[in-house]
Amino acid sequence: MDTSRRQYAAIKVKHSQCSKLFGFCQYFNAYIWLDCVKIDIMKSNYTRKNIIALPNPRLRQRSAKIREITDETLQLIDDMLAATIDWENSRPHEVAVALAAVQIDRLERVVIVREDFEDKENKRFIVLINPEIVKKEGEIITDHEGCLSVKNIYGQVPRHSKVRVRGLDITGHEVRLKSPNPFIARILQHEIDHCNGICFVDHIADQKDAFFILTESGELEPYPYEKVVESGILPDEE
Ligand SMILES: [Zn+2]
């Protein structure tokens, strides 16, 4: 176990082909044309304080489909971005790679994913509205996963290494994409899970040695299962 993963996300993404997302998207290595959302985050007064965390039960509710993309939808995206960036600014060892609307307590199927994980200065995100997984494929890979709604606790989560996803961009056009690498496949599965009321810990709730804690110095250390249980983040047993 490598516990020296500072800036977890940034280190995980070594794939330097991850170029910027303008027009046709090389980064997703796919036939998509996601509009990079042009957002003035000054229009939102959301901060990291708007991000809800487990054990808040809202995180286990299903989000509703967006029927029409309105100014409110764009404002929601604005608010998600502002909260995400503010969260990142408060976290020296982590990069905010993605967020789902439920995480700011809005039960709507919207996710944002960082355009370029390697460049913390790049605050651009792509937006997927009503995203759904069309197909999961490839091998199952178990790797570290964290969440803005699960403070400091990471888990080793098994995920498919490839997914195909479809959704809408902010103009309402359908986009279809396939993940270019297992890390992005992981992010997409994690965020689409959020839309369905599933948190990453739910996949490993009974796995006693799957949890890790982020220390103040930015290391991941094994976290005793009793403490995970005590923290209240695991789903209630039926
Ligand atoms: Zn999450």
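Up top is the structure these notes are about.
Residues numbered from 1 in each chain as written. Predicted model: local features only at pLDDT ≥ 70, side-chain atom pairs only at ≥ 80, totals over all residues.

Q: So what exactly am I meant to see when it comes to the overall build of the protein here?
A: When its secondary structure is counted, the protein shows 4 helices and 7 strands. For the protein, the α and β elements follow one another from N to C terminus as α-α-β-β-β-β-β-α-β-β-α. The proportion of buried residues among the 238 residues of the protein is 37%. Within the protein, residue pairs in contact and separated by at least 24 positions form 69% of the contacts whose partners lie at least 6 positions apart. (Helix = DSSP H or I, 4+ residues; strand = E, 2+ residues; numbered from the N terminus. Buried ≥ 20, exposed ≤ 12 C-beta atoms within 10 Å, placed from the backbone. Contact = placed C-beta atoms within 7 Å.)

Q: What's the story with helix α3 (residues 182-195) in this structure? I'm lost.
A: Every α-helix winds through 3.6 residues per turn, so residues three or four apart in the chain are directed the same way. Taking 1.5 Å per residue as the helical rise, α3 with its 14 residues ought to reach 20 Å, and the 20 Å between its terminal C-alpha atoms agrees with that figure. A large share of α3 lies buried, amounting to 12 of its 14 residues. Those residues of α3 lying buried are Phe-183, Ile-184, Ala-185, Arg-186, Ile-187, Leu-188, Gln-189, His-190, Glu-191, Ile-192, His-194 and Cys-195. Positive backbone phi, approximately 75°, marks Gly-197, located one or two places after α3. (Expected span 1.5 Å × (residues − 1).)

Q: Would you explain unusual backbone geometry in this entry?
A: Most peptide bonds adopt trans geometry, and most residues besides glycine take a negative phi value. In this chain, Leu-54 is followed by Pro-55 through a cis amide linkage whose omega measures 10°. Take Pro-55: it is sitting in the loop between α1 (8-12) and α2 (71-89). Phi is positive for Asn-130, which is not a glycine, with a value near 50°.

Q: Hey, could you run me through the pairing of strand β2 (residues 110-114) in this one?
A: Side-chain direction in a regular strand flips from residue to residue, so the side chains alternate between the two faces of the sheet. With 5 of 5 residues buried, β2 is to be regarded as a mostly interior element. A two-sided burial pattern is seen for β2, the buried positions comprising Val-110, Ile-112 and Arg-114 on one face and Val-111 and Val-113 on the other. Direction of pairing for strand β1 (residues 98-100) relative to β2: antiparallel, over a ladder of 3 bridges. Counted as the bridge partner of Leu-99 is Ile-112 from β2. Pairing of β2 with strand β3 (residues 125-147), which is carried by 5 bridges, proceeds in the antiparallel orientation. Bridge assignment links Val-110 to a residue of β3, and that residue is Ile-129. (Pairing = 2+ DSSP bridges.)

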